[in-house]
Amino acid sequence: NSDFSEPVPSQSSSDASLPISSPTSPRSQICSDGFSLIRIFLTPDDFEEEMRWILSNSRGAIISGFDYSPFTAAEDYRWESCLPADDCYSFTIEDDWGDGICCSHGEGSYSLWYDDVKVASGGDFEFSESHFIGPNCPTLSPSSSSRPSSKSPQPLLSEHVEMIEKERETLIKLFESTRGEEWLVNTGWIKEDENHCKWEGVSCKNGFVNKLTLEAKGLDGSIPTDVGMLSNLRYLYLAENKIHGSIPTEIGMMESLEILELNLNAIDGTVPTEVGRIERLNYLSFSDNTLHGNIPTEVGMISNLGVFSLSANNLHGTVPTEIGMIKNLK
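In short, a report on the structure. What you see is a predicted model, and the numbers here were worked out from it, not measured in a lab. (Residues numbered from 1 in each chain as written. Predicted model: local features only at pLDDT ≥ 70, side-chain atom pairs only at ≥ 80, totals over all residues. Heavy atoms only, no water.)

### Describing the pairing of strand E17 (residues 242-245)
Now for step 1: Summarising the sheet, strand E15 (residues 220-221) and E17 pair through 2 bridges and their orientation is parallel. Directly across from Asp-220, in E17, lies its bridge partner Lys-242.
Now for step 2: Relative to strand E19 (residues 266-267), E17 runs parallel, the two being bridged by 2 bridges. Paired with Gly-245 across the two strands is Ile-267, which belongs to E19. (Pairing = 2+ DSSP bridges. Helix = DSSP H or I, 4+ residues; strand = E, 2+ residues; numbered from the N terminus.)

See the structure below:
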């Protein structure tokens, strides 16, 4: 989420042995008069992709946070900023699975600091937990929730099972269409008694496939049209293989996709106009293939796109002016 700033790694491993009035690491900045330093120290559990946190002010405006952050499991991170001292801030941490960040799958934890005072800490919650930060906040107890956030309603059980089975079938078709038996590494793939979320390069969240990491694995063949069934997929890494044929138009059905890497293959055909439907896409690389034709104007509809690489292809024509509408493009 481009509205949120990424936390930075902390140099401290734990604050458990420190007195409550001491921060977990030295201040990195001194705030001006009228401002106070707010710091957030966080260690995710083994399923960091299930977690999100938000810091907002008294007007409800989001100051910072991260949605399913790119943390490394069990690695310490911190966020800090000088903020107006006369305001009240609200910190909320959520876990999609409902088991917090401690202690079922790792010893995750968080702590909140206002200047040099630790005002809250935790990790053992269910779906969410909230705290106020600042001297001008209401004197309310921390709140927690045993119900999932309304932002991500769960499908009915029958639909859930059906969707998961369709995703498994799609993965099998990808395996078969790219000579999976000859991949350099194909541990677990298409075994009937093996959960597909445990197959080499497959990552899942809540049972759905959300990441495929198959770059440089020796895939040799075409991308099946069924790939559009992976509507929960956020990251697709298929670079540095021997993939050929065209990019299926069904790729436009992958509405959750954020990163799409197909570079360094032998893909031909044109850039499908349907990529313009993937509104969440922020990294797109089709470089080093044999694509031809024009760059579709629909690319300008991907408002979150930050990186767009088409180098080393056989494209022609002019760069569409619509690309100028992408404000985050680097």
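### Some remarks on the packing of aromatic side chains
Now for step 1: Tallied over the full model, the rule gives 7 aromatic pairs.
Now for step 2: Seen from their ring centres, Trp-53 and Trp-79 are 6.2 Å apart, and the 65° between their planes marks the pair as edge-to-face. Separated by 26 residues along the polypeptide, Trp-53 in strand E3 (residues 51-56) and Trp-79 in strand E5 (residues 77-84) bring together distant segments of the chain. Across this residue pair, the class does not change: Trp-53 and Trp-79 are buried.
Now for step 3: Their ring planes at 65° and their centres at 5.1 Å tell us that Phe-175 and Trp-183 sit as a pair that is edge-to-face.
Now for step 4: Site record: aromatic cluster; members linked through ring pairs are Trp-53, Trp-79, Phe-91 and Tyr-110.
Now for step 5: Over the ring of Tyr-235 we find Lys-211; its NZ or CZ atom is 6.0 Å from the centre of that ring. (Phe/Tyr/Trp six-rings, centres within 6.5 Å; stacked < 30°, edge-to-face > 60°. Buried < 20%, exposed > 50% of the residue type's maximum accessible area, 1.4 Å probe, protein only. Lys NZ or Arg CZ within 6 Å of the ring centre and 35° of its normal.)

### Side note on the sheet that holds strand E20 (residues 283-285)
Now for step 1: The mixed open sheet is built from 6 strands, whose spatial order is E13-E14-E16-E18-E20-E22. Of all the strands in the sheet, just strand E13 (202-205) and strand E22 (307-309) have a single pairing partner and so form its edges. Along the sheet, successive strands turn relative to each other by an average axial angle of 20°, direction set aside.
Now for step 2: In terms of strand pairing, strand E16 (residues 235-237) meets strand E18 (residues 259-261) through 3 bridges, oriented parallel. When the sheet's bridge partners are listed, Leu-236 is paired in E18 with Leu-260. (Axes fitted to C-alpha atoms, helices over the stretch in contact; angles between N-to-C directions.)

### Things to note about the state of the cysteines
Now for step 1: One pass over the structure, following the stated rule, counts 3 disulfides.
Now for step 2: The side chain of Cys-102 participates in a disulfide bridge whose partner is Cys-103; the two sulfur atoms lie 1.8 Å from each other. With the S-S dihedral at roughly 75°, the linkage between Cys-102 and Cys-103 falls on the right-handed side.
Now for step 3: Here Cys-197 engages in a disulfide with Cys-204; their sulfurs sit 2.1 Å apart. (Disulfide = S-S within 2.5 Å.)

### A few points about the nonpolar core
Now for step 1: If you look at the biggest cluster of nonpolar residues, it comprises 41 residues, and the most contacted ones within it are Leu-212, Leu-260 and Phe-286.
Now for step 2: Elements with a minimum of two residues in this core: helix H1 (157-177), E13 and strand E14 (208-213).
Now for step 3: It is H1 that provides the largest number of residues to this core, a total of 3 residues.
Now for step 4: In contact with Leu-260, not counting residues within four places along its chain, are Leu-236, Ile-251, Leu-281, Tyr-283, Leu-284, Ser-285 and Phe-286.
Now for step 5: Counting 18 residues, the second-largest nonpolar core is a separate cluster that includes Leu-42, Ile-101, Leu-112 and Ala-120. (Core = buried A, V, L, I, M, F, W, Y, C linked by side-chain atoms within 4.5 Å. Contact = heavy atoms within 4.5 Å.)

### Focus: the sheet that holds E19
Now for step 1: Read across the open sheet, the 3 strands follow the order E15-E17-E19; overall the sheet is parallel. Single-partner strands in this sheet number two, and they are E15 and E19.

### What to know about the environment of Val-117
Now for step 1: Looking at where Val-117 falls in the secondary structure, it is placed in strand E10 (residues 117-122).
Now for step 2: Judged by relative accessible area, Val-117 falls into the partly exposed class, the value being 44%.
Now for step 3: The spacing of Val-117 and Ile-38 is 79 residues in sequence and 9.6 Å in space, taken between C-alpha atoms.

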